[in-house]
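Residue-level structure breakdown
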Amino acid sequence: MTELAWLERDAPVDSFPAAHLALREPDGLLAAGGDLSSDRLVHAYQHGIFPWFEQGQPVLWWTPNPRCVLHCNEFHRSRSLRRTLRRQHWTVSFDRAFGDVVDGCAEAREGRRRTWITPTMRSAYLTLNDQGFGRSVEVWDDQALIGGVYGVGIGRMFFGESMFSRRTDASKVALFALCQQLQARDMPMLDCQVRSPHLTSLGAKLIPRDAFLKAIAELCPAKEPAAAFDTDRIPVLNYAKSSAYR
């Protein structure tokens with residue numbers, strides 16, 4: 001049985017064990033401890049590792065095998081989502097309300113009373129946003145924030161963290177808009193971390209961890225934020241006109 005590695009808070013940011021040493025049960029648990037400094041987080045994402053833990057636990061670091069990803073040109077628009085895009089007068093913005101999107105993702109919802117977005121986690125990602133790495137997509141109904149996605153953008157790679165909806169299809173609209181922004185910036189793949197029926201319905205699929213690690217080594221070799229997204233609000237109706245997706 002592989003022993004879980006422990007990271008001291010002052011351990012160098014590159015102290016993570018090799019990915020193949022991650023546990024099989026629970027799948028992908030690689031290490032515990034350390035901190036959520038920006039340098040450690042960016043290094044972790046560049047190497048296919050992300051934090052995921054609950055209040056009262058140490059920081060837990062994961063690298064699942066296989067990995068769930070969404071290739072941006074394979075986003076699947078269902079009939080219901082196509083109707084939403086045609087009929088709703090919502091707008092989409094980028095990087096305008098990062099903290100509000102994180103808070104929306106942390107809200108209690110049916111089937112989940114606790115959230116892994118702890119105050120420490122929230123603070124860490126707000127710092128990443130200040131540095132240009134933390135990125136968000138917001139969906140608005142007039143001035144009301146009704147859905148969104150947030151994650152980490154490094155180089156030509158986007159690592160998704162969480163999304164939320166306060167209206168039917170709002171998170172799907174956010175993810176679709178994100179995929180269009182990424183494609184326009186030669187960012188071909190979105191990391192979804194762990195498979196879910198919701199993500200699978202949108203076109204996400206599993207790939208071997210080794211293939212994922214090889215891809216991100218090419219897409220984000222340096223510690224630099226991803227290219228900026230559009231700054232103006234975009235009507236959802238604009239996305240209904242796209243023929244680039246199924």
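Before reading on, note that the structure itself is shown above.
Remember, it's a predicted structure, so these values are computed and weren't measured experimentally.

**Some remarks on the nonpolar core**
Ranked by size, the top nonpolar core spans 47 residues in total, and within it W61, Y125, Y150 and F159 carry the most contacts. Contacts of F159, omitting those with residues within four sequence positions, involve Y45, G151, V152, I154, D191, F212, I216 and C220.

**A short note on the pattern of salt bridges**
Pairing of side chains with opposite charge becomes possible as their charged atoms draw close. As enumerated under the stated definition, the model contains 11 salt bridges in all. A salt bridge links D169 to K172, with the shortest nitrogen-to-oxygen separation between them at 3.7 Å. An identical accessibility class is assigned to D169 and K172; each is buried. Across the pair D230 and R185 runs a salt bridge whose closest N-O atoms are separated by 3.1 Å. Residue D230 is located in the loop between α7 (209-219) and β12 (234-235), and its partner R185 is located in the loop between α5 (170-184) and β10 (189-193); the two are separated by 45 residues in the primary sequence.

**Concerning the sheet that holds strand β11 (residues 205-207)**
The sheet built from eight strands is open, its strands ordered β11-β5-β10-β9-β8-β7-β6-β12 with mixed pairing. The strands lining the two open edges of the sheet, one partner per strand, are β11 and β12. Where strand β9 (residues 157-165) and β10 come together, two bridges link them in parallel fashion. Counterpart to F159 in the pairing with β10 is D191. Taken strand by strand, helix α1 (residues 38-46) contacts β8 (144-154), β9 and β10, and its axis lies near 80 degrees from that of β8.

**As for the packing of helix α2 (residues 79-87) against α5**
As a packed pair, α2 and α5 sit with axes 10 Å apart at the nearest point and diverge in direction by 85 degrees. Relative to α5, the element α2 lies roughly perpendicular. Note on element contacts: α5 touches α2 through K172, V173 and F176, opposite L81, T84 and L85. Taken together, the residues of the contact of α2 with α5 break down into four nonpolar, one polar and one charged.

**Examining the layout of surface pockets**
By volume, the largest pocket is sized at about 680 Å³. Along the wall of the largest pocket there are 24 residues; nearest its centre are E161, S162, M163, C192 and L199. Elements that contribute at least two residues to the lining of the largest pocket include exactly β3 (50-51), β9, α5, β10 and α6 (197-201). Sorting elements by how many residues they give to the lining of the largest pocket places β9 first, with six residues. Split into classes, the residues belonging to the lining of the largest pocket amount to 12 nonpolar, seven polar and five charged.

**Considering the pairing of strand β7 (residues 134-141)**
Most of β7 sits out of view: seven of its eight residues are buried. Bridge analysis of strand β6 (residues 91-94) against β7 gives four bridges, and the strand direction is antiparallel. When the sheet's bridge partners are listed, S93 is paired in β7 with E138. Bridge count for β7 against β8 is eight bridges, and the pairing is antiparallel. Counterpart to V137 in the pairing with β8 is V149. The antiparallel pairing of β7 with β8 creates a hairpin that spans two residues between the two strands, and D142 there sits at a positive phi of about 60 degrees.

Conventions we followed
- Residues numbered from 1 in each chain as written.
- Predicted model: local features only at pLDDT ≥ 70, side-chain atom pairs only at ≥ 80, totals over all residues.
- Heavy atoms only, no water.
- Core = buried A, V, L, I, M, F, W, Y, C linked by side-chain atoms within 4.5 Å.
- Buried < 20%, exposed > 50% of the residue type's maximum accessible area, 1.4 Å probe, protein only.
- Contact = heavy atoms within 4.5 Å.
- Salt bridge = Lys/Arg side-chain N within 4 Å of Asp/Glu carboxyl O.
- Helix = DSSP H or I, 4+ residues; strand = E, 2+ residues; numbered from the N terminus.
- Pairing = 2+ DSSP bridges.
- Axes fitted to C-alpha atoms, helices over the stretch in contact; angles between N-to-C directions.
- Parallel < 35°, antiparallel > 145°, perpendicular 65-115°, else oblique.
- Nonpolar A, V, L, I, M, F, W, Y, C, P; charged D, E, K, R; others polar.
- 1 Å grid on protein atoms, 1.4 Å probe; cavity = no way out; pocket = protein on both sides within 12 Å on 5 of 7 lines; lining within 4 Å.
- Points joined across faces, edges and corners; volume = space filled by probe spheres on them.

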